[in-house]
Each structure stands twice: as structure tokens, then as C-alpha cells.
Amino acid sequence: MNKNGYIFIFLCVGVFIVGLSGCLFDKAVEDIAHQEVLKQYGSIAVNLKFDHKKIALKAPDGVETIRLVVSGLDMVPMTSEFSASLEEGVVDEIPVGNTRMIIATGLDSSGLILYQSISYADVTPNTQSIVDIDLLSISSLTIPPEVVSVTANFPDGFFKAESIIDIIIEFSQVVDVTGIPQLDLADSIGKIDFVSGSGTKELIFQYTVGAGQNCTDLDYVGSGSLTLNGGTIQNGGEVNALLTLSEPGTAGSLGDAVNIVIDTIAPFLNVDDIIVNNTVLPNTITVIFSEKIDSAAAEVVGNWLLESNGGDNNYLLNSAVLGADGKTVTLTLVIPDSTNFNTFIYSDAVLEHMQLTPPTDITDLAQNLYIGGQMIEAGATHILDTTAPTVVTVHTLDDDENGVIDTIEIEFSEAVCDNRFSGNQGDWS
């Protein structure tokens, strides 16, 4: 035995083999099967392979001899017995074929059985099969199984309607289930049914998200949320399991183990949550969704469409950026070009209200699709440039120095659009 208390056994031919008769083997199974679910005191890790086999054993205190019985429908039962104090030992090659049953027995110095267990392994050509065996105490038959933890098959995430989530309740022992026990989930979600796991330590309750169900951190209602619903949860000694769960949100609870958000509401926009700002250059449009959205579609600027009311102008957008809050998108126009009406937004166009069409594939974090379509903003919260430009200076120039004014230069207080002047000289005096 090495310093970690493990015994390593390597395959070789000519090992001590004792064949058990069918009746003896059946009796062994009958005596041992009910003990599989008892409190674990030690473990045997079995690593089986067709062409060679290594078995690592860790014997509990008090065990002097370990006996392994391997059997199957198409083979004669094989028994290997050796001292738990050996640093290494040998067992016979297990024939390839159907599923093999492995019975492990731990005996004290007088031959009294202290621990027994049963497990199964598939032995196929060139295929390695690993089996973990609990070596169980016979004196623990009366100890009831109890809940160790509650978790889910997803670590964290957002889930929409029709998503399927497995809630896993782990017990301290292997348990057998009859009927359909239930787990009562919080936030008015209701009870979900047991679906699988009888004969193991982990019972699975399946939750299919229903329309209208929403919560920020999935958990059960309380410590008494696990109920039998007319069924049973027992160990192999027919001892009823203790069903008490950890209080919601505390260590061992579902809410503490994972952060699962249930969201069945599609993201939407209010008309007054589209804010046009033409006081900055380039102009911006701020779009505030009802909840956090996925950046993948939101930040593809080519998928957005901004038009004047009636569609006369299709404004040129340069970027779409999702803000730190996860629900605010800032659209920025291209650098203004005074000769192109689509590069800036006139105040009168703002007052007539803008038409905004978000990308059709925008979703929230649970992948609920945005369904609002085109929006005509309300204009209630616009940041509107209402200050008229003023003349700062006027210069006259005699370019050819003939005593006649050729050019008049006018400086305004802010940038102005020269296409409003072109061809309209009669408007000046």
C-alpha cells in the first residue's frame, strides 16, 4: 500500500481464482444489493480494460482482506481475494462481453464482513470503462439519506419560454424513488415533477419554462419544497429520506449554486425613449430598450434605419454602440456634410418626428426577439437646437483692387448649411 492508502493491482495470468456456483452468486447478490445505498466510509475506484486491467483500492480502517467477485450472464463468476496491506496484487483478466457486475467485500481479521458494495461495468475490446464503487458499512442500514445540495444542469444564464432546465437534488446516499415526487419553485412558477435518477444519489426534476413565468434568480419556495406527492424516496434499507432543503439563497440551495434568470418578456421600445440630439456634431440618436439586449445584433449599424417622418430623408449612420447599462444604444451620424441633407438632422425634421426601424434580429439576453418594428418617436425628450446662428463679423474684399467690392465674407456664430444659400442671392440685401 502506498502512502495515500491505495492498493494498485495489475493484470497477469495465473491469479488465484475461485469460481462461484450460480446459487452462491445469486445469494451474494441478494445479501449485498440492499446495502448499496448505505453511508460511504471508503471507496474503490475500478479501471477496467480488455487487454490489461489496473484496479486502485482504498480500504477503510479495520479492513484486512478485500474480496472482489466479478460476474456476468456469459461468464463464470471470478473471485479475487488479497490482503489490504499489500502494496500491489493481481487479478484475473475479465472476459469481454455483456455488462459485468462487481461485488466488493471488506473483511476484518476474523473474517467478519464490515463493508460491501455492488456496481456495474461494461467490458468491451479496446474500450476503457471506469467504475467508482462505494464500499459501504453494514452498520449504517438505519441512517436515513439526506439532501446534500440542489443545483441545475446549467451553471448560469437567461432562459425564455419553452427552455428545459434540469434541477438536480443530491442525496447523501443512493436512493430509490417510487411515484412522482415534486419540487415547488418560487416566483409562482409552481411544482415540477421528478423525471429520473432512481437508484443513484442525484434525482432530476425537470422544469419547462412556461409563458409568463419570470424571475431574477431561480430557486425553490422554502426548506419544505420537496414533497413526495404520494411516492417514496428511500435507501436500500427502506429508510425514508429526509426531505429538508437548505433555505433559499443559502449554501446548498439552488439559488446559491446557480444564477438562472427566467425571462419570457420580449424587449420593446417606448416612443419617448428615442432621443434625437442635433446640438452635437455629428448628430446622435439615443435608443433605450425596456431591458438588456444582445450586442451582437444591436451594434451592426447597417441594420438600423433612420428616416424623416414620411421617409423623405434616409440618414447616414456611422456607428451603433451599446452602452454599459446593456439596454441603451447610441446611434451616431456620419460627419456632417453641408451639401448632403442626410448627414445632419434639421430642427424642423426633428419636430416632425423621426422614423426609426431597429434591427429585426435584436433579442434580449434570453433570446426573446424584439417585436416592436418601426417606431415614430414622440419627441418629448429631444435635445433640440433652437438657437439661431448670428452674424459675428462681416468683411468686404476688393479682390482685383479696382475700388469695387468683389467678395463679402460673413462669419456666423456656428456652422451653417451653405446649400440654403446657393442660388438664393435674391434673399440677401
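I will try to describe carefully the structure that is included in this document. (Residues numbered from 1 in each chain as written. Predicted model: local features only at pLDDT ≥ 70, side-chain atom pairs only at ≥ 80, totals over all residues. Heavy atoms only, no water.)

1. Considerations on the overall build of the protein chain
Consideration 1: Summing up its helical and strand segments, the protein chain has four helices and 27 strands in all.
Consideration 2: Relative to its full complement of 429 residues, the protein chain shows a buried share of 40%.
Consideration 3: Restricting to contacts in the protein chain with at least 6 residues of sequence separation, those with at least 24 account for 66%.
Consideration 4: Accessible surface for the protein chain amounts to roughly 21600 Å². Of this, 52% is attributable to carbon and sulfur atoms. (Helix = DSSP H or I, 4+ residues; strand = E, 2+ residues; numbered from the N terminus. Buried < 20%, exposed > 50% of the residue type's maximum accessible area, 1.4 Å probe, protein only. Contact = heavy atoms within 4.5 Å. Areas by Shrake-Rupley, 256 points an atom, 1.4 Å probe, with all protein chains shown as cover.)

2. With respect to a nonpolar patch on the surface
Consideration 1: Together, Val391, Val394, Ile405, Ile408 and Ile410 make up an exposed nonpolar region whose accessible area comes to about 440 Å².
Consideration 2: Every element with two or more residues in the nonpolar patch is listed here: strand S26 (391-397) and strand S27 (407-412). (Patch = residues over 30% accessible without salt bridge, like charges linked within 9 Å, V, L, I, M, F, W, Y side chains within 5 Å. Salt bridge = Lys/Arg side-chain N within 4 Å of Asp/Glu carboxyl O.)

3. Looking at the environment of Asp263
Consideration 1: By the element assignment, Asp263 lies in the loop between strand S18 (259-262) and strand S19 (269-277).
Consideration 2: Expressed as a C-alpha distance, the spacing of Asp263 and Cys215, which sit 48 residues apart in the sequence, is 6.8 Å.
Consideration 3: If sequence neighbours within four positions are ignored, Asp263 has contacts with Phe159, Lys160, Ala161, Asn214, Glu291, Asp364, Ala366 and Asn368.

4. A word on the packing of aromatic side chains
Any pair of aromatic rings gets described here by the distance separating the centres and the angle formed by the planes.
Consideration 1: Within this structure, the stated rule accounts for six aromatic pairs.
Consideration 2: Consider the rings of Phe289 and Trp304, whose centres lie 6.4 Å apart with planes at 65°: the pair is edge-to-face. With a gap of 15 residues between them, Phe289 in strand S20 (residues 284-289) and Trp304 in the loop between helix H3 (295-298) and strand S21 (305-308) connect regions that are remote in the sequence.
Consideration 3: A relative accessible area of 5% means that Trp304 is categorised as buried.
Consideration 4: Put simply, the rings of Phe289, Trp304 and Tyr370 pair up and form one aromatic cluster. (Phe/Tyr/Trp six-rings, centres within 6.5 Å; stacked < 30°, edge-to-face > 60°.)

5. Structural notes on the pairing of strand S22 (residues 317-322)
The side chains of a regular strand alternate, residue by residue, between the two faces of the sheet.
Consideration 1: Looking at chain direction, S22 and strand S23 (residues 328-333) are connected through five bridges and run antiparallel. Of the residues in S23, the one forming a bridge with Leu322 is Val329.
Consideration 2: Hairpin connection of S22 to S23: five residues between the antiparallel strands, including Gly326 at a positive phi of 80°. (Pairing = 2+ DSSP bridges.)

6. Description of the nonpolar core
Consideration 1: Formed by 31 residues in total, the largest nonpolar core has its most connected members in Ile167, Leu183 and Leu218.
Consideration 2: Listed by contribution, the elements that provide at least two residues to this core are strand S10 (147-152), strand S12 (164-178), strand S13 (182-185), strand S14 (190-196), strand S15 (200-208) and S18.
Consideration 3: When residues of this core are assigned to their parent elements, the largest contribution, six residues, is made by S12.
Consideration 4: If near-sequence neighbours (up to four positions away) are discounted, Leu183 is found in contact with Ile167, Ile169, Gly190, Lys191, Ile192, Phe205, Tyr220, Ser225, Leu226 and Leu245.
Consideration 5: Ranked by size, the runner-up nonpolar core spans 28 residues in total, among them Val287, Leu317, Leu331 and Ile345. (Core = buried A, V, L, I, M, F, W, Y, C linked by side-chain atoms within 4.5 Å.)

7. Some thoughts on the sheet that holds S23
Consideration 1: Taken in spatial order, the four strands make up an open sheet running S19-S20-S23-S22, and their pairing is antiparallel. Strands at the two margins of the open sheet, each flanked by one partner only, are S19 and S22. Each strand axis lies, on average, 20° off the axis of its neighbour in the sheet, ignoring direction.
Consideration 2: The sheet contact formed by S19 and S20 spans five bridges and is antiparallel. (Axes fitted to C-alpha atoms, helices over the stretch in contact; angles between N-to-C directions.)

8. Re the sheet that holds S21
Consideration 1: Strand order in the open sheet formed by three strands is S21-S24-S25, and the pairing between neighbours is antiparallel. Of all the strands in the sheet, the pair left with one neighbour each is S21 and strand S25 (375-376).
Consideration 2: Sheet analysis places strand S24 (residues 354-357) next to S25, joined by two bridges and oriented antiparallel. Residue pairing in the sheet places Leu356 in a bridge with Met375 of S25.

9. Some details on unusual backbone geometry
Consideration 1: Note that the residue after Leu281, namely Pro282, is joined by a cis bond; omega there is -5°.
Consideration 2: Along the chain, the position of Pro282 falls in the loop between S19 and S20.
Consideration 3: Notably, Asn229 is not glycine yet its phi reads approximately 55°, a positive angle.
Consideration 4: Under the relative-accessibility criterion, Asn229 is labelled partly exposed at 46%.
Consideration 5: Residues other than glycine seldom take positive phi values, yet His353 does so here, at roughly 80°.
Consideration 6: When you line up the elements, His353 lands in the loop between helix H4 (347-351) and S24.
Consideration 7: Note on His353: relative accessible area 28%, which makes it partly exposed.

Any functional reading would require information that these geometric values do not contain.
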